[in-house]
Amino acid sequence: MSNVLTICGSLRKTSYNAALVRALPALAPEGMIFIAAPPYGTMPHYNHDDQDATGFPASVTAFADAIRAADGVIIASPEYNWTIPGALKNAIDWVSRMKDQPFRDKPVALQSASGALLGGSRMQYHLRQCLISVDALLFGRPEVIVTFAPQKFEEKTLELKDQTTKDMIKLQLDGFGKFIKKVGGK
Ligand SMILES: Cc1cc2nc3c(=O)[nH]c(=O)nc-3n(C[C@H](O)[C@H](O)[C@H](O)COP(=O)(O)O)c2cc1C
């Protein structure tokens with residue numbers, strides 16, 4: 001049994017990345033359970049002075065606790081201007097300053113969906129680099145990169161309809177489940 005925390009890098013209601021996260025349970029190996037991360041969109045911009053003055057906001061503590069409690073983390077995110085969306089990066093910056101830094105030795109897999117040709121792959125490589133700086137254990141491949149997202153989801157329901165994408169996700173989740181067992185001692 002592995003508990004996987006999902007973090008969506010998009011804050012918008014009709015996000016393709018949120019839809020990608022919603023598709024995971026049906027494609028997961030037996031025993032993999034998904035829990036949505038607490039909201040991080042209202043965290044203040046990281047400022048060391050604020051941390052010194054008032055400590056960590058409750059939203060940061062809740063986010064960090066959820067990461068600590070999980071056996072693994074999946075981050076599904078769009079790419080903004082070729083890199084990590086600011087709100088997501090801000091959340092990572094906040095928790096990275098904690099003593100019991102939650103990403104340390106945490107198995108993490110990445111996914112991205114974008115409306116364009118590269119499917120958020122540039123964001124993934126930046127996020128991979130960023131998470132290595134906080135000692136996360138990054139799952140390698142297969143990668144989940146959803147290109148031209150509007151063609152892969154039902155227009156009204158946002159249900160994932162593309163079989164190739166589903167197969168890719170299945171393979172990644174299978175591999176990630178094994179990775180969690182291998183590196184996370186599960
Ligand atoms: C500020 C901003 C920057 C963007 N930059 C990129 C980009 O660099 N590469 C890309 O593929 N798509 C880019 N997009 C388009 C997103 O791929 C598209 O809006 C996508 O649907 C966002 O993901 P979401 O549906 O999960 O919110 C950008 C969108 C916004 C709002």
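Refer to the structure printed above.
The rules behind the values
- Residues numbered from 1 in each chain as written.
- Predicted model: local features only at pLDDT ≥ 70, side-chain atom pairs only at ≥ 80, totals over all residues.
- Heavy atoms only, no water.
- Near = heavy atom within 4 Å.
- Polar contact = N/O pair within 3.5 Å; in protein donor to acceptor, adjacent residues only side chain to side chain.
- Nonpolar A, V, L, I, M, F, W, Y, C, P; charged D, E, K, R; others polar.
- Salt bridge = Lys/Arg side-chain N within 4 Å of Asp/Glu carboxyl O.
- Helix = DSSP H or I, 4+ residues; strand = E, 2+ residues; numbered from the N terminus.
- Buried < 20%, exposed > 50% of the residue type's maximum accessible area, 1.4 Å probe, protein only.
- Core = buried A, V, L, I, M, F, W, Y, C linked by side-chain atoms within 4.5 Å.
- Contact = heavy atoms within 4.5 Å.
- Patch = residues over 30% accessible without salt bridge, like charges linked within 9 Å, V, L, I, M, F, W, Y side chains within 5 Å.
- Areas by Shrake-Rupley, 256 points an atom, 1.4 Å probe, with all protein chains shown as cover.

## Remarks on the site of the ligand
Alright, step 1. Taken together, 14 residues surround the ligand, and among them Ser-10, Arg-12, Ser-15, Trp-82 and Ser-114 come closest.
Alright, step 2. The backbone of Tyr-16 places a nitrogen or oxygen atom 2.9 Å from an oxygen atom of the ligand.
Alright, step 3. A distance of 2.7 Å is found between an oxygen atom of the ligand and a backbone nitrogen or oxygen belonging to Trp-82.
Alright, step 4. Residue classes in the shell around the ligand are distributed as 5 nonpolar, 6 polar and 3 charged.

## Considering the pattern of salt bridges
Alright, step 1. With the rule as written, the count across this model stands at 5 salt bridges.
Alright, step 2. Of the charged contacts, one joins Arg-122 and Glu-79 as a salt bridge, the two residues approaching to 2.7 Å between their closest N and O atoms. Remark: Glu-79 occurs in the loop between strand S3 (72-77) and helix H4 (86-96) and Arg-122 occurs in helix H5 (residues 121-132); sequence separation between them is 43 residues.
Alright, step 3. Exposure remark for Arg-122: the relative accessible area of 27% places this residue in the partly exposed category.

## Quick word on the nonpolar core
Alright, step 1. Counting 30 residues, the largest nonpolar core has Ile-7, Phe-63, Ile-75, Phe-103, Val-108, Leu-127 and Leu-131 as its most contacted members.
Alright, step 2. Elements represented by at least two residues in this core include exactly strand S1 (2-8), helix H3 (58-69), S3, H4, strand S4 (107-113) and H5.
Alright, step 3. What Leu-127 contacts, discounting residues up to four positions off in sequence, is Ile-75, Ile-84, Leu-88, Ile-92 and Leu-110.
Alright, step 4. Core analysis: the second largest hydrophobic core is formed by 25 residues, Val-21, Leu-24, Ala-76 and Ile-169 among them.

## Quick notes on a nonpolar patch on the surface
Alright, step 1. Where nonpolar side chains cluster on the molecular surface, the patch consists of Met-1, Ile-33 and Ile-35 and spans about 300 Å² of accessible area.
Alright, step 2. Relative to the helices and strands, Ile-33 resides in strand S2 (residues 32-36).
Alright, step 3. Judged by its relative accessible area of 36%, Ile-33 is partly exposed.

The values reported here are purely geometric and, on their own, carry no functional implication.
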